[in-house]
Each structure stands twice: as structure tokens, then as C-alpha cells.
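# Residue-level structure breakdown
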Amino acid sequence: MESKIFNPQAKVIIHLKDVYNYFKSGNSDPVTIEVDPSNACNHSCPFCISGHLHLKKFKGTKLFNRTMFKKEVLLKLVQDLSTTNIKSLNWTGGGEPTMNPHLKDAILYLKNNSKIKLGMFTNGSMLERFDLIDLVCESHTWIRISLDAGTAESYDKLRVTNQTNNFKVVLNNIKKLVEVKKKTRSKISIGIGYVVTKDNYKEIKDFANIFKDIDVDYCQFKPEIIQIERATDRKNEQISEDFWLNEAVTRLDEAKIILGEKFQCNSYKLEDLISSPGSYGRNYKECIGSQFQPCVGADGNVYVCTNHRGHKEYAYGSLYENSFIDIWNDIKKRSEIMNKINYEEKFCKCSHLCKPHESNKILWEIKQNLDDKNFKKNLEKKSQYLKKIIKHPEFI
């Protein structure tokens, strides 16, 4: 059964009006925007998709950039976004979003001055330090805390923590989030993330046992994706399908039994890893999904997507020079960059299984059938049905 939370294709279909508007005019406000308040991080996860920005081993390279969004630029951004038709905003990274001391001001502005739904990806270690727990519970649709381990020992070793940001601190913050949610009757969804890697797959069951009795809303499992900055051999970029079939899937099945309805898995990524090695399900010719979910880096650049953050050649413009609205409405600049990605590079400089990957599948199919009345009629019916069952439809 497909997930009602993690289902990018379904969420694209829900936003058909925006999709058709884009195909007609070549421009539409994003549905979801990813914002990186910080490129710095207080953890050192080896599987981080943005490790090239902040991990010590990348220090001295052209991509290394541990900057933070400046207050005036961040606040100008959220002010601009509040005047658009953007449906949702994810605080993400880059680095650890809660390390930016001005994040609280940005959240408060959006809470009080916009209808934009908010979500947050975080390691959860600094929520109490920056007094964010109550505010997140009252202002966010969801928060997802990355844990990726089943024991304190492996967590602290893998992430290189200290006493201020270790496993114990994060687990306590999760419990405080749950407590505040109950106390205030908040509707926030609290999720815990587990990126399955060769370093931690043996602890999947331990992780599940930790959260079976903690009232989080879900535990999300997803496979490690080797981003292009880490890939030394394109032919062996991702972990082999044998590992997922022989080591990971059985343990995920055990976790599902333990967690019950809390269990969530990005099965579409696993399916592409297992059934389509080499192409990984990339059968589309254009990255259309990126036009509905761009990324604003902590360096102030508006990037094509989260996977291209830090690569200036894939930036539409800088917020230190122009407003987000002016940058986004420069269709010529956006088209030039997308033409380069789609038809010159043909994705050769893109990570496989990237953020817009799943959206691209359905958007490419829609583009191929724009003149098919029956296809569009059936899609509109499906859109109405999905609106009733999909959770957090504003977040692609």
C-alpha cells in the first residue's frame, strides 16, 4: 500500500492547477520551497547529501561553505515569500537549520503574516537551546528529526557528537516535543528519520524498539543515496541491490511489525534501487519537478534543487543582489540553466534518486499527454480523490 505521507507523485497530481499553469505559461510559483538557514552543522554524518558544504574532509574545496543566512536577508526572503502562492516551506540544509539564531524570527514572521505551511528537517539537538520546541509545535505542520541509529554508542560515534548534542540530548528533545504536543493539543506530526546505510542497518530493529512506546507519529526509513560529490565511480555510485534485498529489506520487515502504523518507508526509492540499477528509474527527459520545489541556500543563492546547492552554475540568482520574486520570474535565466541540465548534460552531473526524481516521473508523463483529453479527465478525477486521503499535500 502506498504511503499517504511520502508520495510525491500523488502530491503533484493534487496540484494540477499549478502544473497546467506552468506548462501553459512556463512559470508558476513553487508549491514547496526548501530553505537552508545554515550551512554549518554540529554533527558530521558521513551520508549527508550536503556534506560537501560542511564536513571537515571537504575543507579547502571550492564547495566548502559553512555560512549562515544573514538576518536581514533571511527576513526579506520570508517577507517576499509571504506575498506569493507558495504552499509550503521546509527548513532544511545545507547544515543544521536550528543553528541559525535568526530562524526563530523568520518562523514568527511566517506564522503571523502568511498562510504558508511549515516543515522542518533537523537533527533535533538544539531545539531546546534556542527555545524552539513550543514555537515549532504551534507553527509547524511537521518536524522530522534524523536519528539514523539504534544505540547511543553508534549514534555518537557516527555523528561525532559531544555532551551538548549527543543521542541522549536528542532523545530528550523528542520526548519534550511529544509532551508539548499533547499538552497544547498541537496538530504537528512528529517524525523520526532513519537513513539506512551499511554502517547502521543492523540497528534498524533496535531503533524500532526505542520508538514503539514513544508517541511520535511515524518513523521514516529511506535508503542512503550516494550524492554525486561522493561518487568516485559513476558505475558503482549507489549501494548494490543485493545489499537492499539480502540485508536491509528483512530488517525493515521486522521494524514494520514492531512499529505498526508508525512505520513509513520511502519504498519508491528502494524499488528504483532494486529494480532499475543503472538508470534508477530515470526515464524522463526533463527535470520539471525542480520548478515546483527549488532550494534557497544559506549563501543566499536560489538553486535548482537541494541536490545542486553549493554549485553556483546551477543558481538562478542571489538574494544579495535581487529579491526572490525577481529571481524566480526571470524565466530566461531559469530556462537556460534547465536546458543545460536537461539537454546538454542530460543529468550527467545530477545525483541519482534526487529530490525531484519522483515528481519528475509523473510530470514528464503529464507533459507527454497534454493533448489527451481522456488522460487529463482521469487525472483530474484522481486529483480529487487524492485530496481526500493524502497527508500534508502542500509538501511535495
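Residues numbered from 1 in each chain as written. Predicted model: local features only at pLDDT ≥ 70, side-chain atom pairs only at ≥ 80, totals over all residues. Heavy atoms only, no water.

This paragraph deals with the overall build of the chain. For the chain, the count of helices and strands is 15 helices and 10 strands. Over its C-alpha trace the chain gives a radius of gyration of 20 Å, about what one expects of a compact globule, namely 21 Å for 396 residues. Structurally, the chain occupies a C-alpha span of about 55 × 50 × 45 Å along its principal axes. Counting only residues that meet the buried cut, the chain has 59% of its 396 residues in that class. When contacts within the chain are restricted to residue pairs at least 6 apart in sequence, long-range pairs at least 24 apart make up 76% of them. For the chain, the accessible surface area stands at approximately 17900 Å², while carbon and sulfur atoms represent 47% of it. Of the side chains in the chain, 62 bear a positive and 50 a negative charge, and the two mean positions are spaced by 3 Å. (Helix = DSSP H or I, 4+ residues; strand = E, 2+ residues; numbered from the N terminus. Rg over C-alpha atoms; globule rule 2.2 N^0.38 Å. Buried < 20%, exposed > 50% of the residue type's maximum accessible area, 1.4 Å probe, protein only. Contact = heavy atoms within 4.5 Å. Areas by Shrake-Rupley, 256 points an atom, 1.4 Å probe, with all protein chains shown as cover. Lys, Arg positive; Asp, Glu negative; His and termini not counted. Charge placed at Lys NZ, Arg CZ, Asp CG, Glu CD.)

For the rest of this paragraph, the subject is the side chain of lysine 262. Inspection of the secondary structure puts lysine 262 in the loop between helix 10 (241-259) and strand 7 (263-265). Nearest to the buried, unbridged lysine 262 among oppositely charged side chains is aspartate 215, at 4.8 Å. Those residues in contact with lysine 262, other than ones at most four positions away along the chain, are Phe211, Lys212, Asp213, Ile214, Asp215, Val216, Asp217, Tyr218 and Cys219. (Salt bridge = Lys/Arg side-chain N within 4 Å of Asp/Glu carboxyl O.)

On to the environment of arginine 185, then. The residue arginine 185 is located in the loop between helix 8 (167-184) and strand 5 (189-196) in this model. For arginine 185, a relative accessible area of 77% translates into the label exposed. As a C-alpha pair, arginine 185 and cysteine 137 span 48 residues in sequence and 9.1 Å in three-dimensional space.

Moving on, we get to unusual backbone geometry. For residues besides glycine, phi is generally negative; the peptide bonds are generally trans as well. With a phi angle near 55°, aspartate 131 is a residue other than glycine that sits in the positive phi range. With respect to the helices and strands, aspartate 131 occurs in the loop between strand 3 (117-122) and helix 6 (133-139). Phi at valine 160 takes a positive value of approximately 55°, unusual for a residue other than glycine. Among the structural elements, valine 160 can be located in the loop between helix 7 (152-159) and helix 8. Here valine 160 falls in the exposed class, since its relative accessible area comes to 53%.

This next bit is on the sheet that holds strand 1 (residues 32-35). Pairing is mixed in the open sheet, where 10 strands are placed in the order 7-6-5-4-3-2-1-8-9-10. Two strands bound the open sheet, and with one partner strand each, they are strand 7 and strand 10 (315-318). Judged from the two bridges that link them, strand 8 (residues 295-296) and strand 9 (residues 301-303) form a sheet pairing that is antiparallel. In the sheet register, valine 296 faces strand 9, and the bridge partner there is valine 302. Those strands touched by helix 8 are strand 4 (142-146) and strand 5, and its axis lies near 150° from that of strand 5. (Pairing = 2+ DSSP bridges. Axes fitted to C-alpha atoms, helices over the stretch in contact; angles between N-to-C directions.)

Within the sequence span of helix 2 (residues 16-25), burial applies to Leu16, Asp18, Val19, Tyr20, Tyr22 and Phe23. Taken together, the buried residues of helix 2 touch helix 1 (8-14), helix 13 (331-344), helix 14 (357-368) and helix 15 (373-389). Backbone geometry just after helix 2 places glycine 26 at a positive phi near 85°.

Orientation of helix 10 relative to helix 11 (residues 267-275), taken along the N-to-C sense of each, is 145°, at an axis distance of 9 Å. Pair helix 10 / helix 11 crosses with left-handed handedness. Between helix 10, through Glu241, Trp244, Leu245, Val249 and Leu252, and helix 11, the contact on the second element is made entirely by Leu270, Leu273 and Ile274. (Left-handed = near helix turned anticlockwise from the far one by under 90°.)

The tally for this structure, following the rule as stated, stands at zero disulfides. Cysteine 219 provides the cysteine sulfur closest to cysteine 137, a residue in no disulfide bond, and the two sulfurs are 17 Å apart. Overall, cysteine 137 belongs to the buried group, its relative accessible area being 4%. (Disulfide = S-S within 2.5 Å.)

Interpretation note: all reported values are geometric properties and have no functional meaning in isolation.
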